[in-house]
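# Tertiary structure, described
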Amino acid sequence: MKAVILSGGYGTRLMEETEARPKPMVEVGGQPILWHIMKIYAHHGINDFVIPLGYKANMIKRFFIDYYENSSDIEIDLASNTVTTLRKNSDAWKVTLVDTGLDTMTGGRLLRLEKYLSDGDFCLTYGDGVTDLDITESIRFHNSHGKIGTVTAVNPPARFGSLDIQDGKVSKFHEKPEGKGLVNGGFFVLSPKVFDYLDGDDTIFERGPLEKLSASNELMAISHPGFWYSMDTLRDKKHLDELWVTGKAPWKLWQ
């Protein structure tokens, strides 16, 4: 199975970082968050990636062009102008990088990938979120119900503390509890039939297509009560960095 990781947007809410690089290339623990997402999928046996590009596409291309050498140990003999690989990188990834336009919306980017995804069901997620989701189980669930789409439903962490108030008195304070209500957490599993719901570059996947799939009873959800976090702001990046450097990153499922 292939996995699509949406990587073409501007990432305007993280402008402190994204003025210089595309959002999926913002680093967590010294590696782009895109790398972390790919490692999550690879842990579940998915090593074939299709990545739609847009903003600063050349930086993502260069990362993968140089990835083998940069992640391997090498010996350089300047006298003979030779390079010998001493320890090879262990990631057995196939990565298809597709320019999908600067201002193309999420559904439009997916539509431009149709010719690469017509041979079977595929995974899809955003290039800014990590999770400890059991993707293998998500695929199993998707195969069991036979609908066009499966979305991961998550309960996002709240941004602020909440108050219980009675007669003007604070009876209880909750420091950043879980948010109320499930939201779209990405990590979709989709049938190629989804392309029938996509119209053009202006299609926003989260609006028309998902709404139509839901209305036609073709969208199922798998609820994930575990860890899920989206890197939307600089504070989010710092939080993920802290989890990584302290060895407490729940999404690090690989060895």
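Refer to the preceding data block for the structure.
These notes cover the structure that comes with them. Values in this document were obtained by computation on a predicted structure and should not be read as measured data. (Residues numbered from 1 in each chain as written. Predicted model: local features only at pLDDT ≥ 70, side-chain atom pairs only at ≥ 80, totals over all residues. Heavy atoms only, no water.)

## Focus on the overall build of the protein chain
Here is the rule we go by: We count a stretch as a helix when DSSP gives it H or I for four or more residues in a row; a strand needs E for two or more, and each element gets its number in order from the N terminus. The globule rule used here is 2.2 Å times the number of residues to the 0.38 power, and the radius of gyration it is set against is calculated over C-alpha atoms. For every residue, the accessible area obtained with a 1.4 Å probe (protein chains only) is divided by the maximum for its type, and the residue is called buried under 20%, exposed over 50%, and partly exposed between those limits. Residues are treated as being in contact if the distance between any of their heavy atoms lies within 4.5 Å. Note on areas: Shrake-Rupley with a 1.4 Å probe; residue coverage comes only from the protein chains shown. In this tally, Lys and Arg are treated as positive and Asp and Glu as negative; His is ignored, and so are the chain termini. Taken as the charge centre is NZ of Lys, CZ of Arg, CG of Asp or CD of Glu, depending on the residue.
Across its full length, the protein chain carries eight helices and 16 strands. In summary, the protein chain has a C-alpha radius of gyration of 20 Å against a globular reference of 18 Å for 255 residues, a match within 12%. For the protein chain, buried positions account for 45% of its 255 residues. When contacts within the protein chain are restricted to residue pairs at least 6 apart in sequence, long-range pairs at least 24 apart make up 73% of them. About 13,400 Å² of surface is accessible on the protein chain, with carbon and sulfur atoms providing 50% of the total. Within the protein chain, the 35 negative side-chain charges are centred at a point lying 2 Å from the centre of the 29 positive side-chain charges.

## Let's talk about helix α8 (residues 234-245)
Note the following rule: The span expected for a helix works out to 1.5 Å for each residue beyond the first. The arc in question is formed by the directions pointing from the helix axis toward the C-beta atoms.
Between its first and last C-alpha atoms α8 spans 16 Å; for twelve residues at 1.5 Å apiece the expected length is 16 Å, and the two agree. Buried within α8 are the following residues: Asp236, Lys237, Leu240, Asp241, Leu243 and Trp244. Buried positions in α8, seen along its axis, are confined to an arc of 165° and lie on one side of it. Opposite the buried face of α8, at more than 90 degrees from it, the exposed residues are Lys238, Glu242 and Val245. Structurally, α8 contributes buried residues whose contacts are with α1 (15-18), β2 (27-28), α2 (33-43), β9 (129-131) and β16 (228-230). The first or second residue beyond α8 is glycine 247, which carries a positive phi of 70°.

## A word on a nonpolar patch on the surface
Our working definition: Surface patches are drawn from residues lacking salt bridges whose relative accessible area is over 30%; two like charges belong together within 9 Å, two nonpolar side chains (Val, Leu, Ile, Met, Phe, Trp, Tyr) within 5 Å. By definition, a salt bridge exists where a carboxyl oxygen of Asp or Glu is found within 4 Å of a side-chain nitrogen of Lys or Arg.
A surface patch of nonpolar side chains, about 410 Å² in accessible area, is lined by Ile74, Ile76, Leu78 and Val83. Note on placement: isoleucine 76 falls in strand β5 (residues 73-77). Isoleucine 76 gets classed as exposed once you look at its relative accessible area, which sits at 52%.

## Focus: the packing of aromatic side chains
Note the following rule: Two rings from Phe, Tyr or Trp (for Trp, the six-membered ring) form a pair when their centres sit within 6.5 Å of each other. Planes less than 30 degrees apart are called stacked, planes more than 60 degrees apart edge-to-face, and all others tilted.
If you walk through the whole model with that rule in mind, you get 17 aromatic pairs. Pairing tyrosine 67 with tryptophan 93 gives two aromatic rings, centres 5.7 Å apart and planes at 10°, and the pair type is stacked. In this pair, tyrosine 67 is assigned in helix α4 (residues 67-70) and tryptophan 93 in the loop between β6 (82-87) and β7 (94-99), connecting sequence segments 26 residues apart. Accessibility assignment for this pair places tyrosine 67 and tryptophan 93 in one class, buried.

## Considering α2
Of all the eleven residues making up α2, nine are buried; the element is thus mostly covered by neighbouring parts of the structure. Turning to α2, its buried residues number three or more, namely Ile33, Leu34, Trp35, His36, Ile37, Met38, Lys39, Ile40 and Tyr41. Just downstream of α2, glycine 45 is the residue with a positive phi angle, here 85°.

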